[in-house]
Amino acid sequence: MSRFLMQRSKLAHLIQKKGFRLFSSSLTGPFLRIGQRMKDDGSIGEDVFLNAAKEELFYLPKKPLPQKLANSRIIGASKGWGFYSDLCDGSLCLSDFLNPLASKVIPLPPLDDMNTCQTEAFYNVAVSSSSACDHDEDLVVAVKFLGRQKLSLCRPNCDMSWTSIVPPFTFMENSNLMYSKRDQRFYLPVPRSNHLCSWDLQGQSFKDHKLLYQNRTKLSQSKHKLFDSCSKAEHWVESPSGERFLVKCYSYVSTSQNREPIFVVYREEETTKRGTIICQTEDIGDLCIFISGTDPFCVEASLCPGLVPNSIYLMESIYGVYDIATRSIRHFGNQVEKPEDYEFDSLPLWLPPTSI
């Protein structure tokens, strides 16, 4: 965490030194790059960042694009890393270029064993490190595709090849692959099921974790029917101290139902011979859970003054804060409105304090 505080100080100093416009007098983080601001001639002028604690935008000038990324587009992100695909030859690379204080580009092997449209079927990426150096042999990149396609893992600084894995379950579209620092494994929840899948960093050791639910809120028949009509997504999240949570998101599909999504949070309690016990909770303490189009992460609110504890920060179709105890959403105010001269990315890139 001390590294994050130093990084945060550098970012604040950079903004003050360059005289960039801020809506706030201080930075607390974590930060999210959400798009770019366009000039009158249509060219890109500034990158647009969100200070999550202040719920305000700030801007940094566009960095020169590395030659290795000249023809690439970003299709995924994890822990501040962007996952890029070259539009010409389909080659892949990992880069922290969108971080204003970094600019590494790490080439990745081609996914030759996948279909030619593998990037179109791409769902999400998870990496094992946020600050890997060019010779870090422990850096592992894991990619998940839509449907029951293969997961692919590789160590770009060690072995330029992918290890392909076929998950044992057939309905895993709406679950995000994530990396657990606590036990150095990649996890994937199985939606509408009582299981977690996990793999070691080599992709060799597979575990099926049966989830045993306790302390569940009893739902009425009408509530069950309403939840069954929702689109569901599940996220396995790990806190800086190693606590883990299963977050279930229920979004209403019908446009006639003008309803906000509902989140149900379960805390991992203990692992027994029968399986992993998880209990429904409305109190995660001083923690905040962040969910966007990338892998979810968790932050201690007290270390980032301004963050709301016991809450979920949303950065997808909704920009706001979900109160776990009251099950209500407070949308961000006008500070995070989307002016006409902004081009917002469909894939926000978090710069989380737990990974800097």
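The shown structure was predicted, so the numbers you read here are calculated from the model rather than taken from an experiment.

Chemist: Can you explain the sheet that holds strand β8 (residues 122-127)? Please cite residues and give values.
Modeler: Here we have four strands laid out as an open sheet, ordered β8-β9-β10-β11, and antiparallel in their pairing. Each edge of the open sheet is held by one strand with a lone partner, namely β8 and β11 (159-165). Averaged over all adjacent pairs, the angle separating strand axes in this sheet is 20°, with direction ignored. Note: strand β9 (residues 141-145) against strand β10 (residues 151-155), three bridges, orientation antiparallel. Across the sheet, residue Val-141 finds its bridge partner in β10, namely Cys-154.

Chemist: I'd love a proper account of the nonpolar core, names of residues and values included.
Modeler: Counting 33 residues, the largest nonpolar core has Val-247, Phe-263, Ile-289, Ile-312 and Tyr-322 as the members making the most contacts within it. Of all the secondary structure elements, the ones that give two or more residues to this core are β15 (206-214), α2 (221-228), β16 (230-238), β17 (244-252), β18 (262-271), β20 (287-292) and β22 (311-315). Take this core: its biggest share by element is six residues, from β17. Apart from residues lying up to four places away in sequence, Val-247 is in contact with Ala-233, Glu-234, His-235, Val-237, Phe-263, Val-264, Val-265, Ile-289, Ile-291 and Ile-312. In this structure, Tyr-59, Phe-290, Leu-307 and Phe-332 belong to the second largest nonpolar core, which totals 20 residues.

Chemist: I'd like to hear about the packing of aromatic side chains, residue by residue, with values.
Modeler: On inspection of all chains with the given rule, the structure shows nine aromatic pairs. Taking 6.4 Å as the distance between ring centres and 50° as the angle between the ring planes, the aromatic pair formed by Tyr-313 and Phe-332 counts as tilted. Here the residue Tyr-313 occupies a position in strand β22, and Phe-332 occupies one in the loop between β24 (328-331) and β25 (342-351), the gap between them amounting to 19 residues. The pair Tyr-313 / Phe-332 is uniform in exposure class, with both members buried. Through a chain of ring-to-ring contacts, three or more aromatic side chains come together here, namely Phe-290, Phe-297, Tyr-313 and Phe-332. The side chain of Arg-216 reaches across the aromatic face of Tyr-213, ending 3.7 Å from its centre.

Chemist: How would you explain unusual backbone geometry if you had to name every residue and give the values?
Modeler: Of note, Lys-79 is a non-glycine position whose phi angle comes to about 50°, a positive value. Of note, the phi angle at Asn-215 is positive, near 60°, even though the residue is not glycine. Secondary-structure assignment places Asn-215 in the loop between β15 and α2.

Chemist: An account of the sheet that holds strand β6 (residues 92-95) is requested, with residue identities and associated values reported.
Modeler: The antiparallel open sheet is built from four strands, whose spatial order is β4-β5-β6-β7. With partners counted over all chains shown, the strands left at the sheet margins are β4 (72-78) and β7 (105-108), one partner each. Within the sheet, the average angular offset between the axes of one strand and its neighbour, ignoring direction, is 30°. One ladder, built from six bridges, connects β4 with strand β5 (residues 81-86); its direction is antiparallel. Looking at the pairing, Gly-76 lines up with Phe-83 of β5.

Chemist: Could you give an account of the environment of Tyr-252, naming the residues involved and the relevant values?
Modeler: Take Tyr-252: it is sitting in strand β17. Considering only alpha carbons, one finds Tyr-252 and Asp-228, 24 residues apart in sequence, at a separation of 9.7 Å.

Chemist: Describe the side chain of Gln-280, naming the residues involved and giving the relevant values.
Modeler: Structurally, Gln-280 is set in strand β19 (residues 276-281). Judged by its relative accessible area of 11%, Gln-280 is buried. When near neighbours in sequence (up to four residues on either side) are disregarded, Gln-280 contacts Gln-214, Asn-215, Arg-216, Thr-217, Val-264, Val-265, Tyr-266 and Arg-327.

Chemist: Can you break down the confidence of the model for the protein chain residue by residue, with the values?
Modeler: On average, residues of the protein chain carry a pLDDT of 78, and 75% of them reach 70 or more. When pLDDT is averaged over each element of the protein chain, β19 comes out on top at 95 and helix α1 (residues 2-18) at the bottom at 44. Counted against residues more than four places away or in other chains, residues 15-26, with its pLDDT under 50, gives 22 contacts. With pLDDT under 50 throughout, residues 352-356 is counted as low confidence; its partners more than four residues away or in other chains account for 20 contacts.

Chemist: Describe the pairing of β19, with residues and values.
Modeler: By the criterion of burial, β19 is predominantly enclosed, with six of the six residues buried. By the alternation rule, side chains of β19 split into Thr-276, Ile-278 and Gln-280 and Ile-277, Cys-279 and Thr-281, which are all buried. Relative to β19, β15 runs parallel, the two sharing four bridges. Across the sheet, residue Gln-214 finds its bridge partner in β19, namely Cys-279. Connecting β18 to the next strand, β19, in antiparallel fashion are four residues, including Gly-275 with a positive phi near 150°.

Thresholds applied
Residues numbered from 1 in each chain as written. Predicted model: local features only at pLDDT ≥ 70, side-chain atom pairs only at ≥ 80, totals over all residues. Heavy atoms only, no water. Pairing = 2+ DSSP bridges. Helix = DSSP H or I, 4+ residues; strand = E, 2+ residues; numbered from the N terminus. Axes fitted to C-alpha atoms, helices over the stretch in contact; angles between N-to-C directions. Core = buried A, V, L, I, M, F, W, Y, C linked by side-chain atoms within 4.5 Å. Buried < 20%, exposed > 50% of the residue type's maximum accessible area, 1.4 Å probe, protein only. Contact = heavy atoms within 4.5 Å. Phe/Tyr/Trp six-rings, centres within 6.5 Å; stacked < 30°, edge-to-face > 60°. Lys NZ or Arg CZ within 6 Å of the ring centre and 35° of its normal. pLDDT = per-residue confidence, 0-100.

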